[in-house]
Amino acid sequence: CHFDIRAAEQALVFCTQALYHPLSPWEEAIVLNLWGWRQADGRRRYVTVYAEPYRQDALATWCAALALWLLRAAPPRRAPQVTVSYAQAALAADVYTQIATAIARESALLGAFLLDPVRQAVGTTRGGTLTLSWASALLTGEVLLHREGGQPLTLAVATRDAEHSPMVAPIAAAALHALAGETVPILPAFM
């Protein structure tokens, strides 16, 4: 594997624009490592990420900004379908409002994305879609990002005091194995 600093910095600049505030050092580290590390064929080294912050809201909007980058960075012929699921419907609605405000505020983002407030979705002219939704299978304190089409990506967030749902528990277990030094292709981020 090699580290592509240009790809990492592009993702970091975009996420900062979408969030409209500086990222914390641990948020930066996740973005840089996720997009910077590449395999010899150019694909991302990590396709699964597990992040464990103290508070769910710490990464709730950040996950949506990362999902927007997945749409924006997709090759021209690809139209990825990205879903960010939250344990609470109110949080999904709040994050959609924040992302819509960020898109309206940045002219570079406004031209690239189409807002669909009825579905709480953001689209691209190529057909890519980010949907912010509520998932009854998630437990309080969990957020799950999933990308279909092209190279898949799963990002699971669970607060430190959260019980793990069946959807997040295997990812959390794999993160612990990665921290133990086992060769598991997962990026663990325990904050």
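Everything below is about the structure printed above this text.
Here the structure is a predicted model, which is why all the values come from computation and not from measurement.

A. Structural detail: helix H2 (residues 25-36). Taking 1.5 Å of rise per residue, the 12 residues of H2 would be expected to cover 16 Å, and the 16 Å separating its terminal C-alpha atoms lies within 8% of that figure. Among the residues of H2, Glu27, Ile30, Val31, Leu34, Trp35 and Gly36 are the ones counted as buried.

B. Region of the structure containing the side chain of Glu142. Tracing the backbone shows Glu142 in strand S8 (residues 142-148). The buried charged residue Glu142 lacks any salt bridge partner; its closest oppositely charged side chain belongs to Arg160, at an N-O distance of 14 Å. A polar contact is formed between the side chain of Glu142 and the backbone nitrogen of Leu139, at a distance of 3.0 Å.

C. Geometry of the packing of aromatic side chains. Under the definition given, this model contains three aromatic pairs. A ring pair is formed by Phe3 and Trp37, whose centres lie 5.3 Å apart and whose planes are at 75 degrees; its orientation type is edge-to-face. One end of the pair, Phe3, is in strand S1 (residues 2-3); the other, Trp37, is in strand S2 (residues 37-38), with 34 residues separating them in the sequence. Overall, the relative accessible area of 34% leaves Phe3 in the partly exposed class. Residue Trp37 is classed as partly exposed on the basis of its relative accessible area, which comes to 26%.

D. Molecular detail of the pairing of strand S7 (residues 129-134). Here strand S4 (residues 81-86) pairs with S7 via six bridges, running parallel. Residue pairing across strands places Val82 opposite Leu130, the latter belonging to S7. Examined bridge by bridge, strand S6 (residues 121-123) and S7 share three bridges and lie antiparallel to one another. Counted as the bridge partner of Gly123 is Thr129 from S7.

E. Focus on the packing of helix H1 (residues 5-19) against helix H3 (residues 57-73). Contact geometry for H1 and H3: axes closest at 9 Å, N-to-C directions at 125 degrees. Considered as vectors, H1 and H3 are oriented oblique to each other. In the crossing of H1 with H3, the sense of the turn from one axis to the other is right-handed. On H3, the residues that touch Gln10, Ala11, Phe14, Cys15, Ala18 and Leu19 of H1 are Thr61, Trp62, Ala65, Leu66, Leu68, Trp69 and Arg72.

F. Local environment of the environment of Pro188. With respect to the helices and strands, the residue Pro188 is situated in strand S10 (residues 186-190). Residue classification places Pro188 among the partly exposed residues on the basis of a relative accessible area of 22%. For the pair formed by Pro188 and Leu176, sequence separation is 12 residues and the distance between their alpha carbons is 7.5 Å. Not counting chain neighbours up to four residues away, the residues in contact with Pro188 comprise Tyr50, Ala175, Ala178 and Leu179.

G. View of the environment of Ala11. With respect to the element layout, Ala11 can be found in helix H1. C-alpha separation for the pair Ala11 and Ala65, spaced 54 residues apart in sequence, amounts to 9.8 Å. With near-sequence residues (within four places) excluded, Ala11 lies in contact with Val31, Trp35 and Trp69.

H. The arrangement of the pattern of salt bridges in detail. Enumeration over the complete set of coordinates arrives at two salt bridges. Linking Asp116 and Arg119 is a salt bridge whose minimum nitrogen-to-oxygen distance equals 3.4 Å. Take Asp116: its relative accessible area is 24%, and that puts it in the partly exposed class.

The rules behind the values
- Residues numbered from 1 in each chain as written.
- Predicted model: local features only at pLDDT ≥ 70, side-chain atom pairs only at ≥ 80, totals over all residues.
- Heavy atoms only, no water.
- Helix = DSSP H or I, 4+ residues; strand = E, 2+ residues; numbered from the N terminus.
- Expected span 1.5 Å × (residues − 1).
- Buried < 20%, exposed > 50% of the residue type's maximum accessible area, 1.4 Å probe, protein only.
- Lys, Arg positive; Asp, Glu negative; His and termini not counted.
- Salt bridge = Lys/Arg side-chain N within 4 Å of Asp/Glu carboxyl O.
- Polar contact = N/O pair within 3.5 Å; in protein donor to acceptor, adjacent residues only side chain to side chain.
- Phe/Tyr/Trp six-rings, centres within 6.5 Å; stacked < 30°, edge-to-face > 60°.
- Pairing = 2+ DSSP bridges.
- Axes fitted to C-alpha atoms, helices over the stretch in contact; angles between N-to-C directions.
- Parallel < 35°, antiparallel > 145°, perpendicular 65-115°, else oblique.
- Left-handed = near helix turned anticlockwise from the far one by under 90°.
- Contact = heavy atoms within 4.5 Å.

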